[in-house]
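# Descriptive structure summary
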Amino acid sequence: LDVVSFRNNNGRKRAETSKKPTDPETVHSDVLAKVEFNSGGNRGQVTALLAYQGLAWNLREHLMERMIATQNLWREKDPKFVYYLSAEFLMGRSLLNTIQNLELYEPYAQALKMLGYNLETLAEKERDASLGNGGLGRLAACFLDAMATMNLPGWGYGIRYKYGMFKQIIKDGEQMEVPDVWLTDGNPWEVRRPDVVFPVSFGGKLKKTVTGSHELVEWIPDEQVIAMAYDVPIPGFNTQNTGNLRLWESLPVNEFDLDAFNKGDILSAYNEKGRAEAITSVLYPNDSTPEGKALRLKQQYFFVSASLQDVLARFKKVHGNQFDLLPEKACFQLNDTHPTIGIAEMVHLLVDKEGLDWEAAWGITTKVFAFTNHTIMPEALEKWPVKVMREFLPRHMEIIETIDTQWQAFLEEKLSEMPKAEKQAAIDRMAIVHPNQWNKEEMLVNMAHLAVVGSHTVNGVAQIHSDIIKSTIFKDFHGVFPLKFQNKTNGVTPRRWLVFSNTDLATLITEALGTQEWMTNCKLLEGLKPFAEDAEFRKKWSAVKRKNKERLGAKIRELTGDDVDTSSMFDIQIKRIHEYKRQFLNVLSVIRRYNTIKAMTPEERKSVVPRVCVIAGKAASSYERAKDIIRLVGAVGDTINTDPEVRDLLRLYFLPDYNVSLAEVIIPAADLSQHISTAGTEASGTSNMKFQMNGSLILGTMDGANIEIAEEIAAIQGPDAKVGDGLFIFGVDAKDVPKLRKERKEFKTDPRWDEIMDMIKKGTFGNDKFEALVDSVNDMTVGNDWFLLANDFATYLDVQDEVDAMWKNQDEWVRRSILYTASSGKFSSDRTISQYAEEIWDVQPLAVA
Ligand code: GPV
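With that settled, the discussion passes to the side chain of Thr 678. Note that Thr 678 resides in the loop between β22 (672-675) and α27 (687-693). Those residues in contact with Thr 678 that lie beyond four places of it in its chain are Tyr 580, Arg 582, Asp 703, Val 737, Phe 787 and Leu 788.

Let us look at the site of the ligand. Taken together, 17 residues lie near the ligand, and Leu 136, His 374, Asn 490, Glu 682 and Gly 685 sit nearest. In the environment of the ligand, an oxygen atom lies 3.2 Å from a nitrogen or oxygen atom belonging to the backbone of Gly 135. One of the side-chain N or O atoms of Tyr 580 is found 3.2 Å from an oxygen atom in the ligand. Bound to the protein, the ligand loses 96% of the 460 Å² it would expose on its own. Across the shell around the ligand, the residue classes tally to 5 nonpolar, 9 polar and 3 charged.

So, on to helix α2 (residues 24-37). Over its 14 residues, α2 runs 20 Å from end to end, which matches the ideal 20 Å to within 8%, given 1.5 Å per residue. For α2, every residue scored as buried is listed here: Pro 24, Val 27, His 28, Asp 30, Val 31, Leu 32, Ala 33, Lys 34 and Val 35. Check the buried side of α2 and you find it contacts α3 (48-77) and α5 (105-114).

Moving on, we come to the domain arrangement of the chain. On domain assignment, one finds that the chain holds domain 1 (1-77 + 94-127), domain 2 (79-93 + 128-490 + 834-841) and domain 3 (573-824). Computed over C-alpha atoms, the centres of domain 1 and domain 3 are 42 Å apart.

Let's shift gears to the sheet that holds strand β14 (residues 383-385). Ordered in space as β14-β16-β15, the 3 strands form an open sheet in which the pairing is antiparallel. Single-partner strands in this sheet number two, and they are β14 and β15 (433-436). Within the sheet, the average angular offset between the axes of one strand and its neighbour, ignoring direction, is 45°. The sheet contact formed by β14 and strand β16 (residues 439-446) spans 3 bridges and is antiparallel. Considered in β16, the bridge of Lys 383 is made with Asn 446.

This part takes up the pattern of salt bridges. Here the structure, examined in full by the defined rule, presents 64 salt bridges. For Arg 631, the salt bridge goes to Asp 628, with nearest N and O atoms at 2.5 Å. Remark: Asp 628 and Arg 631 occur in helix α25 (residues 624-641); sequence separation between them is 3 residues, near one turn of the helix. Each member of the pair, Arg 631 together with Asp 628, is buried. Notably, a salt bridge pairs Arg 752 with Asp 750, separated by 2.9 Å at the nearest N-O pair. The class for Arg 752 is partly exposed, based on a relative accessible area of 26%. Taking relative accessible area as the criterion, Asp 750 reaches 19% and is therefore assigned buried. Overlapping salt bridges bring together Glu 174, Arg 625, Asp 628, Arg 631 and Asp 768 as one network.

Analysis parameters
- Residues numbered from 1 in each chain as written.
- Predicted model: local features only at pLDDT ≥ 70, side-chain atom pairs only at ≥ 80, totals over all residues.
- Heavy atoms only, no water.
- Helix = DSSP H or I, 4+ residues; strand = E, 2+ residues; numbered from the N terminus.
- Contact = heavy atoms within 4.5 Å.
- Near = heavy atom within 4 Å.
- Polar contact = N/O pair within 3.5 Å; in protein donor to acceptor, adjacent residues only side chain to side chain.
- Areas by Shrake-Rupley, 256 points an atom, 1.4 Å probe, with all protein chains shown as cover.
- Nonpolar A, V, L, I, M, F, W, Y, C, P; charged D, E, K, R; others polar.
- Expected span 1.5 Å × (residues − 1).
- Buried < 20%, exposed > 50% of the residue type's maximum accessible area, 1.4 Å probe, protein only.
- Domains from an automatic or database assignment.
- Pairing = 2+ DSSP bridges.
- Axes fitted to C-alpha atoms, helices over the stretch in contact; angles between N-to-C directions.
- Salt bridge = Lys/Arg side-chain N within 4 Å of Asp/Glu carboxyl O.

Put into structure tokens, the structure is as follows:
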């Protein structure tokens, strides 16, 4: 077995449904034809960009063929569908993912060779589709992959942002944001659907007519735009099935005001077009900090309204007005609160457009929605001012008020045993519309409360997180509806994150297990356990890691100009920059390491484990503290990397513009990865799962999915192993955090902490003294070290020493690395999605034969 054979589906015959020939010669001439006829290029001068495009336009035909077959089958059989509503889908690149999912690697690589190109090099011509911020958006992308692979009838629905996640440039150590102009070269992975259009309205007034006991409400909007669909086919792995991600673009009803133009008012002629297109022009570049911008609310309503209209239109074609059947045919998963306005939109469509009475409409609505919460960070829990909501969505505001009134009446009844004052307090806490706690004059719509009330299921994204939401933000709701709450621990697709981005490791695993079944049944990775004891196998395992480190080394050279020694330990922290994720704590320990090395004699330095530390990630554009952290990483890196006494033993790099494609190079090369959030703050984390799969040891806190990863790693070691064995765990317990926060003022900081704080404040690292950043964790009159860096500092340094000691025993290190991969099966998104399908959606697989 080799890479080629698994890419070729292990010698199995390809299913015969495809009419398109895939021999290298035909592919070669087909690609040339695309270059000529699609792109207007010259056959004799096929540039890399043209070759990429020719290839992509050719592959698109395979995708279309399969997508049509899949959608035809689903239309014919009419199974229940899941619709994954998400404001973000962080897809990354498509070329290699498509070729490999379609099992066409070999002929395509050969065809490319005939054109004088290498497939991998060419793949880098593609721009990432960065229609998401971080974990939440990438999770949605992994879910689509799993749904398609498992043949589940379902679509993703989202927004076709013209500009995705900003490109991060580091200038003089500072993050600069540059617009992500990703569509300029065209996008072969989408199909424009000018025939799939729906109107979406905003603003205006309500007109009410009362006939008997019936009140008819008509919404007379004062603004309307058109939502046009773009379909992005989602190939499954090892199946003919191809799912669909439908993204909406906002267009003006009237393209151009000829009247204004003719009157000489040339700019106003484009007014309507500009206003309409603004809705889908930019992804809000925030992670857990929603901007209180009306445009964001418009984006949310825009894509959700178009999606629900689309689903109902298809439903009506088959089932007419039998809306009571809707819950048997459709369910909508709300990816965080961003699409929650869909609950009010469903009521609006059923009552105002379809003429159902309120009770029927509300009954159907609560049977079709399910809600996933991804954070307990208060700043990320969306609350819209009633004033804004009423201005843009007057009918929906009224619907929400009615839902809230009925909800409070229900609670009166349900909690009737409670003493009056206590009951009223509980009802107030659970209100959907409530006063702003900082400004009692202002009323807010609490989107999370609306989502909980309007959904049949609410889930967190890792066990600890699902437990925490039941005892904190949704405590009262849990008291009322204990059965509504579930856990669905996140997962990641092993295809993109192991099979395709770490092909050498995948080949080694397949060779060891004697089958590639593990790629769709990840529990089979457990079969690697005995190989951890096999010295020959460990050697091969290390050789693959070393090769991946060479690849990352080349990337570091490209991005920073520096050479790194790939025999050093590669120590990685990649994720959005946020105080709770504590990249600052990481830097503090790097400074400590620097100080220690500086104080050593040349003889003592011989025993130091050389490390290359890498940090990457984007800061929200308005998040000053996070931007300070980026500057600090750069400044400390500059000092260390140029210090001749230290640079052979320690490096620190901030790699710019972290995105999916960079992650694909970094993760397979990691020896150690850090997931060090304050316990109780990281809902799950998903890169921790990717690192585990790729055999990178984990240094982390008992937070989010780290806990379950530790459980799996303990389980594979046998009944005597304790949770935490084999990982480097440190830090305070989630349950102690509230108390420790209260006591932080009295906390006696470690002398090494004090020393480092003084160094930074003295200006040891460049001209900058990083005062605000240092004060945020050190001066209790200014900040309050909310994320308890000082409390976790000493144990963090201790566990770093354990890491060094373990590295010196390479046999044990590699043994653990193999056990990490072997125990990572639980964290396949296939497992997560099958739990959603069975326990929330009630959706069954339906595969193209
Ligand atoms: I809310 N998450 C995110 O990436 N963006 C958001 O706006 C919100 C949550 C993340 C959480 O922070 C991670 O812990 C989690 O793994 C991820 O969502 C997927 O569930």
